[in-house]
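Residue-level structural notes
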Amino acid sequence: MKQSSVLTGIAARLAAGDPCEKQPLRLTVDVDGAELSDRFRSWLCEEYPFLCSGKDELDVSEVALFDSLFFWLCNQFRQFPNGEKAPDQHLTRLLVLASMLEDDAQLWGELEKVVSDVPPALLETLAFVINQNRTDAQRILRRHVLADQVQLVLANIASKNWISVESLMPRLWRDIWSPVKHHAAAALHRFDRPRLASILDEEDDFFEIAAYVLHAPTAHSLQIATASSNWTFKFWALHQSVSNVAEGAECYPEEWRILLSQAVNVPDEWQRWLAVINQYPSRYPQLQETLGWVLTDASDVALDAYVSSLSLSPDHGRSAVRTALKVFRERASISQRKYLWTAAFSRWQQWDFGTADGSRSVFRVTSSNLDFPVLGYLIECCDSQSRAQMTAKLQVRAICAERNWHADVTSAISERFKLISIYQLLAQAEQVASGEQEWLWDGLLHRPTWEDGSLYRNLKYDALFERPVFATT
């Protein structure tokens, strides 16, 4: 039998015929102390090599031994603590065995079919073991950041500066892994979910929360997080679930909607969440429709926070923002839409393609993550006459750029590409006003009237670039 299949239907298999009496088990080794978990795991590997051999197939005798171990584990849970003087150490041994029998989160579902009546002492000891096996934040951080940065990271965690912590999360996976704590939490999720929810609700240690959300099944984390009052747990449960989707995991739009709907009404949390989500919106494409849905019911303050959080670096999420705001456009009232569009247009104008402080120039037709709401402003907050006036002002600026003296050619080139970039949105707005259904598409480059496409203009402005812009002759 394949080792990956041995847990499938094991409860029914044992109910049909009990092989356990035929297989004497020798789980009487006396191992305790600070290294109980590792030492007991090593002993199990010596006694039952197939548990850690990594082999794909188990022979008949090994399947029988596996069944015997599973049945013994079930009995130990039913009879817990079995007169043991140190219940927590006894339970630790059971959880180590559980971690070695587990495969693809099948164990506890099968074990629950056999263990229907769980002793209260077991539930209390499971909670005790979770709280006893706490992570050492200082030790973990010293493995990932420079010694003089440890306190800074801890300060960022204390202030919930999640955008500074986000890149650290994937690196924590192995360092905060505790098979004993992981399986204690899995057992509580099956046998006493309210107790597990209470533990997580009261937890204020970031590393303890990370230890849970990084290793627990996503559905379990989200299920508890939606009803939790712990905002750190809520955010990282959401973040981990969305991050997993990038690797092909399942989406949870309903749970995401609940969590985002809760956060949107708490300004400080909403800003923290958006800082991560909107730094690079393209990292979270599956979340965007849900985000757009939540924005529909958001206050003006929450809409302002959304606009302010969007990174304006070119090409870092334009399509993702478009996905979110298409949903917003379809569901929101006209007053809501105009409010968001206006806020976005104001920020976009101040941004000025990143050239406002004089530290940057523009050398190509440039887009931004605000293009969709800016287009919304040009379509729903302006009429054709207003757009025509904006275009006329662009032409005046183009003429001035031609006539003014420039100490450096880069200033003229930068002004030219800013004007062309602005014109793209005005031209698309006019097309929508004329009946085009789609807002904001890529590919077609609209040529402003002041760009005549002549060879002279090509030589004047495009000599520094591989491809001329608008050159027709």
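What counts, and at which threshold
- Residues numbered from 1 in each chain as written.
- Predicted model: local features only at pLDDT ≥ 70, side-chain atom pairs only at ≥ 80, totals over all residues.
- Heavy atoms only, no water.
- Phe/Tyr/Trp six-rings, centres within 6.5 Å; stacked < 30°, edge-to-face > 60°.
- Helix = DSSP H or I, 4+ residues; strand = E, 2+ residues; numbered from the N terminus.
- Buried < 20%, exposed > 50% of the residue type's maximum accessible area, 1.4 Å probe, protein only.
- Core = buried A, V, L, I, M, F, W, Y, C linked by side-chain atoms within 4.5 Å.
- Contact = heavy atoms within 4.5 Å.
- Salt bridge = Lys/Arg side-chain N within 4 Å of Asp/Glu carboxyl O.
- Arc of directions from axis to C-beta.
- Expected span 1.5 Å × (residues − 1).
- Axes fitted to C-alpha atoms, helices over the stretch in contact; angles between N-to-C directions.
- Parallel < 35°, antiparallel > 145°, perpendicular 65-115°, else oblique.
- Left-handed = near helix turned anticlockwise from the far one by under 90°.
- Nonpolar A, V, L, I, M, F, W, Y, C, P; charged D, E, K, R; others polar.

Our next topic: the packing of aromatic side chains. Overall, the coordinates contain 22 aromatic pairs when judged by the stated rule. Ring geometry for Trp162 versus Trp236: centroids 5.5 Å apart, planes at 75°, classification edge-to-face. You can see Trp162 sitting in helix α9 (residues 162–165) and its partner Trp236 sitting in helix α14 (residues 231–245), a full 74 residues away along the chain. For Trp162, a relative accessible area of 2% translates into the label buried. Judged by relative accessible area, Trp236 falls into the buried class, the value being 0%. Each ring, one from Phe372 and one from Trp439, has its centre 5.4 Å from the other, and the planes form 40°; the classification is tilted. Pair noted here: Phe372 is in helix α21 (residues 371–380) and Trp439 is in the loop between α23 (409–433) and α24 (455–461), with a separation of 67 residues, a long-range link. The burial state of Phe372 is the same as that of Trp439; both residues are buried.

Before going further, it helps to examine the nonpolar core. If you look at the biggest cluster of nonpolar residues, it comprises 148 residues, and the most contacted ones within it are Phe70, Trp108, Phe206, Trp270 and Tyr306. Broken down by element, the residue count for this core peaks at 12 residues, all from α23. Residue contacts for Phe206: discarding those within four places in its chain leaves Ile157, Trp162, Val165, Met169, Leu172 and Trp236.

Before going further, it helps to examine unusual backbone geometry. Looking along the chain, the bond that leaves Phe80 and enters Pro81 is cis, with omega of 5°. For Pro81, the position within the fold is in the loop between α3 (60–78) and α4 (87–101). Of note in the backbone geometry, Lys160 takes a positive phi value of approximately 60° without being a glycine.

Counting across every chain of the model gives 21 salt bridges. Here Arg134 and Asp205 are joined by a salt bridge, their closest N and O atoms 3.9 Å apart. Of this pair, Arg134 sits in the loop between α6 (120–132) and α7 (137–142) while Asp205 sits in the loop between α11 (193–202) and α12 (206–215), and the two are 71 residues apart along the sequence. Note that Arg143 is salt-bridged to Asp175, the shortest N-O span being 2.6 Å.

A word on α11. Here α11 has its buried residues at Leu196, Ile199 and Leu200. In a view along the axis of α11, the buried residues occupy a sector of 90°, so they form one face of it. In α11, the exposed residues that point more than 90 degrees away from the buried face are Pro194 and Glu202. The elements touched by buried residues of α11 are α6, α10 (179–191), α12, α13 (218–225) and α14.

Its 25 residues give α23 an end-to-end C-alpha distance of 37 Å, which sits within 8% of 36 Å, the value for a rise of 1.5 Å per residue. Of all the 25 residues making up α23, 19 are buried; the element is thus mostly covered by neighbouring parts of the structure. Once α23 finishes, Gly435 follows within two positions and takes phi at roughly 125°, a positive value.

Here the focus is the packing of α21 against α23. Close contact between α21 and α23 brings their axes to 9 Å; oriented N to C, the two are set at 55°. In terms of their interaxial angle, α21 and α23 are classed as oblique. In terms of crossing hand, the pair formed by α21 and α23 is right-handed. In contact with Asp371, Val374, Leu375, Leu378 and Ile379 of α21, α23 contributes Leu425, Leu426, Gln428, Ala429 and Val432. Residue composition of the contact of α21 with α23, grouped by class: 8 nonpolar, 1 polar and 1 charged.

Attention shifts here to the environment of Val60. Secondary-structure assignment places Val60 in helix α3. Assessed through its relative accessible area of 73%, Val60 is described here as exposed.

The quantities given are spatial measurements derived from coordinates; they are silent on function.
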